[in-house]
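Examination of the molecular architecture
So the chains spell out like this:
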Amino acid sequence: MKHWKKIIFVVAVVAGLVAACSGGPTATPEGATGIPQDAAAVAAQRGLTPADITAALKTYTPSGQTDPYIMFASGGQGGQVLVIGVPSMRILRLIGVFSPESWQGYGYGGGGDKVLAEGNVKGKEIKWGDTHHPGLSETKGEYDGQWLFINDKANARVAVIDLRDFETKQIVKNPNAIVDHGGSFVTPDTDYVIEGPQYATPIGWGYAPLSEYKDKYRGVITFWKFDRDKGRIDPKQSFQIELPPYWQDLCDAGKGVSNGWIFCNSFNTEMATGMGVDGKGAPYEAGTTQNDTDYLHIINWKAAEADFKAGKGKDINGISVIPLETAISDKLLYFTPEPKSPHGADVTPGGEYVVVGGKLDPHVTIYSFDKIQKAIAAGPTEKDTFGVPVLKLDDTKEAQVELGLGPLHTVFDDKGYAYTSMFLDSAVARWTLGGPYADKHPEQPWTKVQSLPVQYNIGHIAAAEGDTASPDGQYVVALDKWSIDRFANVGPLMPQNFQLVDISQTGDKMQVLYDMPIGMAEPHYAQIIKADKLKPWQVYPEVGWNPETQSVDPNAVKAGSEKVVRNGKDVEIWMSVIRSHYTPDLVELQKGDHVVWHLTSLERTPDATHGFAIPGYNINLSLEPGESQTIEFDADQDGTFPFYCTEFCSALHLEMTGQMLVKP
Ligand code: K7E
Ligand code: CUA
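The sections below set out a description of the structure shown in this document. (Residues numbered from 1 in each chain as written. Chains lettered and ligands numbered in written order. Predicted model: local features only at pLDDT ≥ 70, side-chain atom pairs only at ≥ 80, totals over all residues. Heavy atoms only, no water.)

Here the focus is unusual backbone geometry. With an omega dihedral of -10°, the bond running from Q455 to Y456 counts as a cis peptide bond. You can see Y456 is positioned in the loop between strand 28 (448-453) and strand 29 (458-463). Following T583, the chain continues into P584 via a peptide bond in cis, with omega recorded as 0°. On the secondary structure map, P584 appears in the loop between strand 38 (581-583) and strand 39 (586-590). For M89, which is not a glycine, the phi torsion comes out positive at approximately 60°. With relative accessibility at 4%, the residue M89 sits in the buried group. (Helix = DSSP H or I, 4+ residues; strand = E, 2+ residues; numbered from the N terminus. Buried < 20%, exposed > 50% of the residue type's maximum accessible area, 1.4 Å probe, protein only.)

Structural data, given as structure tokens:
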């Protein structure tokens, strides 16, 4: 309390002083050069307004202080995940996921190679991914800080990241889809990680001409079973549901009252197939936007799971697929219309409503789960082309709120407000929820309260603990696609702009606090978790730890037991690593030898990481304290190869080297 009073006092004093210097920057106590020592003078010299100063005070984080929130953002085409502190907006880490990442030694000879190879597509190595939606594991609808999942839109893959060491442990390739989009999102207890589709292809992506689009092309939604004990997705316990070839987009899992259901929006219910070779068809962007409405997909996943367990799925490429006709006859799938090219389907914290933004409609449409259930019980009278029952919009709709142009995604807070990203308006719209949320805010329910300009073209929006059953309501982050004039020009490929927005006050008091350039990819979604829910290791629990098995490796090396064993052309090396020495520091090979090399870091000091690079062999490891790694390669190049440590670990880091001699 005292702390806060002090901050408020400082803001008041500084703001007052700045206001007093209304003549603009003037002489400072230190003269024209150098940094003035007085806060008001600094503000005057830098031309900061009182609002700037307030924003600075809300985000500035002194050295040694840590952030109350951690944001996991997708790294877009970088195929990675970014870990960012909130509100300081400092990048804390990169996590290599679908792309090799050399700092972490991910994909350069060590354990990461195996994980990356799991993502091969029919044996073909894929060197990148297009990460879209990170999904934190949940327990009872709350982030539990244990796991993170993320999809690769480009190749229909889902990865599992262990939040004990922030490393990717598994990649699963969807055997029946070549692209995805609506994932990954978890069910409230992380029973399943959901991977929704996007551009329809024949199941298994075999060839079929576009003239057979309606008959042969399909959407397919995947429920990947997550085994918490093993920390892996279990494809054998996973299943899929066949969907019509509409382009299913984002999904969200029901929770609370709607637990057991999921909701996905879709577009291209027109089943447009483009202009074609003769150029006579409608272009995709026109063909897919003919209809006034598309279909919100309403899926009863608990009933689908029961069908899967009852053997009602068909095995296709090693996974059980519930056919569309079974999904219809067993009441697993319903549609209800949603306005014009929707993007985003977001479930309110208690699970009562689903909010859908229509990119080409100025409203968000709010569906009531209760009304959906009543409409289902009453028996739908309409069907789509494929026989899927369609619930009337009037029967499922709770409200529509006019927000402006280009509503996309919606997140929630603890005050009964919703926040929708407005792509075309470049704004964050704050609006009020009704029903059980109505008495949490002073305004009318289902009403826009504020439209806050952001810079520019906001895609997703993320809220603190935003996808949980109890969002926090301190911050939202606007994930702006364009930055244009916000940062110094670094060439035509410009950074994205993450804007931190303070939402702690009710009414129209949202304020942009900070612009953070993301100069390495185009993130799509992010989730923000309370930092104290994460319990990552500082050093691996024991010396010789294998991050793949999360246990001590049988080939871990103890001090004094280092050795090199030759058996014909097979050479096996057990090497220890500690400041500032590799033992042994000489490895003699013959060209053509097959080499298995175990390395164990004997370090127990936090941050005492060593690298291990073999020049010319494309090998680089990051050996964190206690970590054990095994590399395997053929000594196919003769010569002298000084291996060395790539982390500046000690005063004698440059001396941390050795020789691999390969005789011709
Ligand atoms: Cu970029 Cu969620 Cu893939 Cu919207 S998605 S913006
Ligand atoms: Cu070890 Cu540098």
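What follows is about the sheet that holds strand 20 (residues 353-358). Pairing is antiparallel across the open sheet formed by four strands, whose spatial order is 19-20-21-24. Because the sheet does not close on itself, it has two edges, and the strands there are strand 19 (342-347) and strand 24 (397-402). Put simply, the sheet's adjacent strands are angled 20° from each other on average, direction ignored. Relative to strand 21 (residues 363-368), strand 20 is paired through five bridges, and the arrangement is antiparallel. Across the sheet, residue G357 finds its bridge partner in strand 21, namely V364. (Pairing = 2+ DSSP bridges. Axes fitted to C-alpha atoms, helices over the stretch in contact; angles between N-to-C directions.)

Relative to the assigned elements, Q198 resides in the loop between strand 9 (192-195) and strand 10 (201-202). The class for Q198 is buried, based on a relative accessible area of 3%. A polar atom in the side chain of Q198 sits 2.8 Å from the side chain of K153. In contact with Q198, other than residues within four places in its own chain, are K153, V179, D180, H181, Y246, W247, Q248, D249 and F267. (Polar contact = N/O pair within 3.5 Å; in protein donor to acceptor, adjacent residues only side chain to side chain. Contact = heavy atoms within 4.5 Å.)

Here the focus is the state of the cysteines. Scanning all chains against the criterion turns up one disulfide. Here C251 engages in a disulfide with C264; their sulfurs sit 2.2 Å apart. Judged by the torsion about the S-S bond (100°), the C251/C264 disulfide is right-handed. Taken together, the residues span a long stretch of sequence, with C251 in strand 13 (residues 247-253) and C264 in strand 14 (residues 261-267) at a distance of 13 residues. Judged by its relative accessible area of 1%, C264 is buried. (Disulfide = S-S within 2.5 Å.)

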